[in-house]
Amino acid sequence: MTLAGLRDYLATIWAVAGGRLLAGVGLTALAGLTEGLSLVILIPLVAIAMPGGGSVLSDLPLVGETLARWSPDLVTLLMIFIALVVAQALLSRAKALFNQRTIQDVSAQLRTRLFESISYARWEALHNRRSSDLNHALTHDIDNVMGSIGSVLAIVQACLMLAIYLVLALLISWPMALFAFVIGGALFLALYPLRRRANRHGKRLIAMYQDQNATVLEFIGSIRLAKLFAAEDRQVREYSGNVGRIRGAVLDFAALSTWGGVFFQIGAALVAALFVYLAIEVFALDFARLATLLVVFARIAPRFSAIQENVQTFLTEAPAFANYRRNADHFDAHREEPALSGATAPSLRESIGLTGVGMTYAGAETPSLRDVTLEIPKGQIVAMIGPSGSGKSTLADIMAGLFAPTAGIMTIDGVAIDAANRRAWRSTVASVPQESQLLHTTLASNLRLGNAHATDAEIWDALERANIAELVRALPDGLETVAGDRGTRFSGGERQRFALARALLRKPQLLILDEATSALDWENQRMIVAAITALRGELTILTIAHRPSLVSFADHVVALENGRIVEQGSYSELAARDESKIARMISGG
Ligand SMILES: Nc1ncnc2c1ncn2[C@@H]1O[C@H](COP(=O)(O)OP(=O)(O)OP(=O)(O)O)[C@@H](O)[C@H]1O
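What counts and what doesn't
Residues numbered from 1 in each chain as written. Predicted model: local features only at pLDDT ≥ 70, side-chain atom pairs only at ≥ 80, totals over all residues. Domains from an automatic or database assignment. Helix = DSSP H or I, 4+ residues; strand = E, 2+ residues; numbered from the N terminus. Expected span 1.5 Å × (residues − 1). Bend = angle between axes of the 7 residues up to and from the residue. Buried ≥ 20, exposed ≤ 12 C-beta atoms within 10 Å, placed from the backbone. Contact = placed C-beta atoms within 7 Å. Pairing = 2+ DSSP bridges. pLDDT = per-residue confidence, 0-100. Near = placed C-beta within 6 Å. Nonpolar A, V, L, I, M, F, W, Y, C, P; charged D, E, K, R; others polar. Axes fitted to C-alpha atoms, helices over the stretch in contact; angles between N-to-C directions.

### Some thoughts on the domain arrangement of the chain
Then, number 1: Split into domains, the chain comes out as domain 1 (3-334) and domain 2 (351-588).
Then, number 2: One C-alpha centre belongs to domain 1, the other to domain 2, and the line joining them spans 56 Å.

### What to know about helix 1 (residues 3-40)
Then, number 1: Between its first and last C-alpha atoms helix 1 spans 40 Å; for 38 residues at 1.5 Å apiece the expected length is 56 Å, and the helix comes up short by more than 12%.
Then, number 2: At alanine 17, helix 1 is deflected by roughly 90 degrees, the largest bend along its length.
Then, number 3: Inspection of helix 1 places Tyr9, Ile13, Ala17, Gly24, Leu27, Thr28, Ala31, Gly32, Thr34, Glu35, Gly36 and Leu39 among the buried residues, and these make up the whole buried set.
Then, number 4: Packed against the buried residues of helix 1 are helix 2 (42-49), helix 5 (74-120), helix 7 (131-172), helix 12 (287-317) and helix 13 (319-333).

### Some words on unusual backbone geometry
Then, number 1: With a phi close to 50 degrees, lysine 507 is a non-glycine residue in the positive phi region.
Then, number 2: Take lysine 507: it is sitting in the loop between helix 19 (492-505) and strand 7 (510-514).
Then, number 3: Taking the number of C-beta atoms within 10 Å as the measure of exposure, lysine 507 has 16 and is therefore partly exposed.
Then, number 4: The phi torsion at asparagine 562 lies on the positive side, around 50 degrees, for a residue other than glycine.
Then, number 5: When you line up the elements, asparagine 562 lands in the loop between strand 9 (556-561) and strand 10 (564-569).
Then, number 6: Using a count of 15 C-beta atoms within 10 Å as the deciding quantity, one classes asparagine 562 as partly exposed.

### Side note on the pairing of strand 1 (residues 351-359)
Then, number 1: Pairing geometry for strand 1 and strand 2 (residues 369-377), over six bridges, is antiparallel. Looking at the pairing, leucine 354 lines up with leucine 374 of strand 2.

### Things to note about the confidence of the model for the chain
Then, number 1: Across the chain, the average pLDDT comes to 82, with 93% of residues at or above 70.
Then, number 2: Mean pLDDT per element in the chain: helix 3 (residues 54-59) is the minimum at 59, and strand 4 (residues 407-412) is the maximum at 94.
Then, number 3: Interface confidence for the predicted complex, expressed as ipTM, amounts to 0.95; the pTM equals 0.71.

### Overview of the site of the ligand
Then, number 1: Contacts to the ligand come from 13 residues, most closely from Tyr361, Ser368, Ser388, Ser393 and Thr394.
Then, number 2: The class makeup of the residues in the shell around the ligand is two nonpolar, 10 polar and one charged.

### Quick notes on the sheet that holds strand 8 (residues 540-544)
Then, number 1: One open sheet accounts for six strands, arranged 6-7-8-3-9-10; its pairing is mixed. Sheet topology places strand 6 (429-432) and strand 10 at the edges, where each strand pairs with a single neighbour. On average, each strand axis in the sheet is tilted by 20 degrees relative to the strand beside it, whichever way the strands run.
Then, number 2: As defined by bridge partners, strand 6 adjoins strand 7 across four bridges and the pair is classed as parallel. Note that in strand 7 the partner of valine 432 across the bridge is leucine 513.
Then, number 3: Its contacts with the sheet put helix 14 (residues 392-399) on strand 3 (381-385), strand 7, strand 8 and strand 9, and the angle it makes with strand 7 is roughly 160 degrees.

### Structural notes on the sheet that holds strand 2
Then, number 1: Spatially, four strands are ordered 2-1-4-5 in an open sheet, and the strand pairing comes out antiparallel. Edge positions in the sheet fall to strand 2 and strand 5 (415-416), since each has one partner strand and no second.
Then, number 2: Contacts from helix 14 reach strand 1, strand 2 and strand 4 within the one sheet, and its direction differs from that of strand 1 by about 125 degrees.

### Quick look at the environment of isoleucine 512
Then, number 1: With respect to the helices and strands, isoleucine 512 occurs in strand 7.
Then, number 2: For the pair isoleucine 512 and leucine 21, spaced 491 residues apart in sequence, the C-alpha to C-alpha distance is 53 Å.
Then, number 3: Setting aside anything within four residues of it in sequence, one finds isoleucine 512 in contact with Ala396, Met399, Ala400, Val429, Ser431 and Leu542.

Structure representation (structure tokens):
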């Protein structure tokens, strides 16, 4: 993580949880103090048990004389001890809750913020991204950032506790305290190369999890395909290979990171042995102080290793914040402005115009559309035909306001569709794609995706128009029937008719059917065509089709080839011309 990255990381946490962080530090300090005092109380306790212990008390710096004068009895000391431990336990609990809330708040904010950035990004910035990478960014990356915040809090708090213990230890015996801290610090620094290597391993692991995530998502999306091609073996091999690599990497990581603990434990034991030797042989420390110092250091050692472990976790997990930042910035830079402002969609009263429209996809060498000029009067049904790859879907996406063309303009009654009103225009367009999906919820909720405020009467009207009302009426749960995962409860033709009903509920200014009937049998095609034909004059419709039966009802037919319009006219006019595309389609050429 670069310095600027670290500053950004800390500033982000501070912006969400600034005040609470300070309160957390305050609670930690209080908990540390009470814990420290509950240890110091050991000195008078041990002193009471020792003959002539009074002199031990009066030798203590700062509080010695007061304690010696007060000379508390055993029961009082024990009660103070218990009170301190109770206070410390309650303070530690409050601190843990504070920490958890800070972590959850930051994570909720980062997740929502990234989700928003992705949701409002222009389609150009999204359509080529692997969905598994987006999933990874929203789940694993943020989980890692949460983990790293937990370690930052733990590091800050452990440092604070160390400072408190250091003061206590200095009060008890400053030469011994200095000795222990210098050696402890040196041990910590000596383990730096180990931490660096662990960090590199951590980064490798993140990349592997990302790969695994992609494999799983692709697998789930293509189970049917794998079955059809009997390619389960390949998928299982790919997955198990990935799992095996992750297993190896995690074990390597564990082998490496656990060495830190081993070295630290051995180092701490050596230091403790040396410490006891020096305390007895060189500094001739009394038993009460030696025992208390040993207890204090016994508490300090785990804190040092906690810092060591948390620094390691931080270095492994904090790079995810850089990923988060890169993604959020990328999608923000492609934000569809003004996504949330009140830009209104141009209203279609006369015609949709395309003038010299061209489209070259990012990274593509040749344009997918060139110089398309077309006028679609309101209320007309326009059919688009052309071979595969001729640019039909690209043109439909531009007309739906999903993409901005890279050349030329699209107008509604002469008003240009641009960055400012493209999203508003899109919200008045409805599309029925080649294969419609339904969400795993009730039919009513699925249909209301088209129009959240649609009344039941409007829903039934749309179902009638889409030729599917009868089927819904026959279902025991009617509109409350759950569609099943991706709508598998219904056939492809039924799903298409639900999708058409959903599109109609939107009362769109333009309805786009992108090969909406191509996957259907004759009966289902007939039903959809009947539904579309009944909308003539009422809606402006763009339909993309391969078969003549699916364009014969159109008012106007446009043929595309290699991204250009090569022919257009009325169906009957084109059908009558021997050499026309339509004539060739009808004769099966
Ligand atoms: N995201 C993309 N990046 C690069 N090239 C693309 C992208 N999407 C489509 N293309 C290319 O643009 C051309 C037009 O594609 P498009 O999907 O519009 O054709 P189509 O006529 O709808 O084809 P089909 O009938 O097979 O669906 C094709 O050559 C395709 O490879």
